[in-house]
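Given next are the chains, with one letter for each unit.
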Amino acid sequence: MKCLRVYSTADGESHFDEVEIPTTSRQVQPNAAAFEVSAKYVASGIRFTHIPAGARQVDWHTVPERVLTVRLDGSAEYQTSDGDERLVPAGSFVLFEDVDGKGHKSLHSPEEQTVLWISLPQGLENT
């Protein structure tokens, strides 16, 4: 399973890459198909965020902590300081680790949106 990641380098620039989240096949219930399940990751909190209709652009900013965002509806386009852009539709998740440096820009779709923010102090490293 792949996860889009936004991170910063020592020179303060932000970039995209993808993190591979390893999974294993696990029989969860006797009469059900096997699920692909990842390891457990340490999370220190979860926030429910409502972004109002018409919010549109949020200029350059960083995140206050490593956070995995899960976009339940709406979409956003993100731009890193190296000029790369990615569209993130509903149902997608992004690991933001650009806690310092120039950060990223966000351009939100016109409709209201709901996003879960899951604080991950260690990122997507297994415990």
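Scroll up a little and you will see the structure.
Since the structure is predicted, the reported quantities are computational estimates derived from the model, not experimental observations. (Residues numbered from 1 in each chain as written. Predicted model: local features only at pLDDT ≥ 70, side-chain atom pairs only at ≥ 80, totals over all residues. Heavy atoms only, no water.)

**What about the environment of E18?**
Filter applied, for reference: A run of H or I in DSSP counts as a helix once it spans at least four residues, and a run of E counts as a strand once it spans at least two, with each numbered from the N terminus. When checking whether two residues touch, look at their non-hydrogen atoms; a contact exists if any pair is within 4.5 Å.
Tracing the chain through its elements places E18 in strand β2 (residues 14-20). When the C-alpha atoms of E18 and V6 are compared, they prove to be 8.6 Å apart, with 12 residues separating the residues in sequence. The residues contacting E18, other than those within four sequence positions of it, are K2 and C3.

**Concerning the sheet that holds strand β12 (residues 113-119)**
Operational definition: Note: two strands are recorded as paired if DSSP finds a minimum of 2 bridges between them. Note on geometry: axes are C-alpha line fits, over the in-contact stretch for helices, and angles between N-to-C directions span 0 to 180 degrees.
Strand order in the open sheet formed by 6 strands is β2-β1-β10-β7-β12-β5, and the pairing between neighbours is mixed. Here the strands that pair on one side only, and so sit at the sheet edges, are β2 and β5 (45-51). Across the sheet, the mean angle from the axis of one strand to that of its neighbour is 25 degrees, orientation sign disregarded. The pairing of strand β1 (residues 2-8) with β2 spans 7 bridges and is antiparallel. Within the sheet, the bridge partner assigned to Y7 lies in β2 and is H15.

**Things to note about the pattern of salt bridges**
Formally: In what follows, salt bridge is the name for a side-chain nitrogen of Lys or Arg lying within 4 Å of a carboxyl oxygen of Asp or Glu. For every residue, the accessible area (1.4 Å probe, protein chains only) is compared with the maximum for its type, and the residue is labelled buried under 20%, exposed over 50%, or partly exposed between those bounds.
One pass over the structure, following the stated rule, counts 7 salt bridges. Here K102 ties to E13 by a salt bridge, and the two come within 2.5 Å at their closest N and O atoms. Separated by 89 residues along the polypeptide, K102 in the loop between β10 (93-97) and β11 (104-108) and E13 in the loop between β1 and β2 bring together distant segments of the chain. Classification of K102 as partly exposed rests on a relative accessible area of 47%. Between D84 and R86 there is a salt bridge, with the nearest N and O atoms lying 3.3 Å from each other. On the basis of relative accessible area, D84 is assigned to the partly exposed category, the value being 29%. Counted as one network, the salt bridges with shared partners bring together R5, D17, R66 and E97.

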